[in-house]
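Structure at a glance
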Amino acid sequence: DTAVSQTPKYLVTQMGNDKSIKCEQNLGHDTMYWYKQDSKKFLKIMFSYNNKELIINETVPNRFSPKSPDKAHLNLHINSLELGDSAVYFCASQGLAATDTQYFGPGTRLTVL
Amino acid sequence: TQLLEQSPQFLSIQEGENLTVYCNSSSVFSSLQWYRQEPGEGPVLLVTVVTGGEVKKLKRLTFQFGDARKDSSLHITAAQPGDTGLYLCAGAQDNFNKFYFGSGTKLNVKP
């Protein structure tokens, strides 16, 4: 069983479109994250949710809106996509302590044309 | 500017050689983690260090957390092609679940 799953794996879309990426974890964790990894492989935190509540919002444009319908799911909706949004987006989940293992999903490669 | 700088950025070595990757910052971290990421996959946690001066060993990998908890190193002994990948360090501050990732070190071990 996959611990953290994301769909889709690849997403190619036109500038200006709206798209969503879904994430699910079956580890029973309370904390979930969205990260963005750019072309230089730099991984940067975007959002963190704890038990469906937004905990961290790292100055991400308002076009990005996370939604957590329950603590096992954290989806990412992106409005009015821009060329600079092209990246690999990773979902991750973690137990309560900062020292707990963070489990990452396989990533969603978003390409905006 | 990035909170954590890794060096070197790229490393290409022969199988059997030793190597060290460094993760440096001017900030203090409550804990520091090392991950390995392979192409097309998410990062996988290798180790977490929490105490200044702590040394942890994982088979041929040795991890060290600096005394002041501002830096860390990863040493690989007798590297193997299976060690090839992107190595990332990540630090957490104030025990919050917010991780700052380093710039990454891309390691290639040639057979």
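Residues numbered from 1 in each chain as written. Chains lettered and ligands numbered in written order. Predicted model: local features only at pLDDT ≥ 70, side-chain atom pairs only at ≥ 80, totals over all residues. Heavy atoms only, no water.

1. Some details on the interface of chain A and chain B
We count it as follows: Throughout, a residue-residue contact means that at least one pair of heavy atoms, one from each residue, lies within 4.5 Å. When two components associate, each loses some accessible surface as probed by a 1.4 Å sphere; the sum of these losses over both components is called the buried area. Take a side-chain nitrogen of Lys or Arg and a carboxyl oxygen of Asp or Glu: if they are within 4 Å of each other, that pair is a salt bridge. Identification of polar contacts relies on pairs of N or O atoms within 3.5 Å, with a donor-acceptor requirement for protein atoms, meaning one able to donate a hydrogen and the other able to accept it, and with residues adjacent in sequence counted only if both atoms are side-chain atoms. What counts as a helix is a DSSP run of H or I of at least four residues, what counts as a strand is a run of E of at least two, and both are numbered from the N terminus. Each residue is assigned to one of three groups, with Ala, Val, Leu, Ile, Met, Phe, Trp, Tyr, Cys and Pro labelled nonpolar, Asp, Glu, Lys and Arg labelled charged, and all others, Gly among them, labelled polar.
Facing the 26 residues of chain A at the interface are 23 residues of chain B. Summing both partners gives a buried area of about 1,700 Å² for chain A against chain B, and 56% of it is carried by carbon and sulfur. Looking only at chain A, the three residues that lose the most surface to chain B are Phe 42, Ala 98 and Thr 99 of chain A, adding up to 28% of its buried area. Seen at the junction of chain A and chain B, the total is one salt bridge. Salt-bridge contacts for Lys 98 of chain B lead to Glu 58 of chain A; the nearest nitrogen and oxygen are separated by 2.6 Å. Connecting chain A to chain B are five residue pairs in polar contact (both at pLDDT 80 or more). Of all the elements in the fold, those that place two or more residues in the side of chain A that touches chain B are β4 (31-37), β5 (43-50), β9 (87-94) and β10 (102-104) of chain A. The residue inventory of the side of chain A that touches chain B, partitioned by class, reads twelve nonpolar, nine polar and five charged.

2. A closer look at the layout of surface pockets
The cut-off we apply is this: Grid points spaced at 1 Å over the protein atoms alone were grouped into cavities, where a 1.4 Å probe fits but cannot get out, and pockets, open sets with protein on both sides within 12 Å along at least five of seven lines, with lining residues defined by an atom within 4 Å of a point. Grid points are joined across faces, edges and corners, and a volume is the space filled by probe spheres set on the points.
Considered as a void within the structure, the largest pocket measures approximately 450 Å³ in volume. Sorting the residues of the lining of the largest pocket by element identifies β9 and β11 (108-112) of chain A together with β9 (85-92) and β11 (105-110) of chain B as the ones contributing at least two each. Among the elements that take part in the lining of the largest pocket, β11 of chain A stands out by supplying four residues, more than any other. For the lining of the largest pocket, the class distribution of residues is nine nonpolar, ten polar and seven charged.

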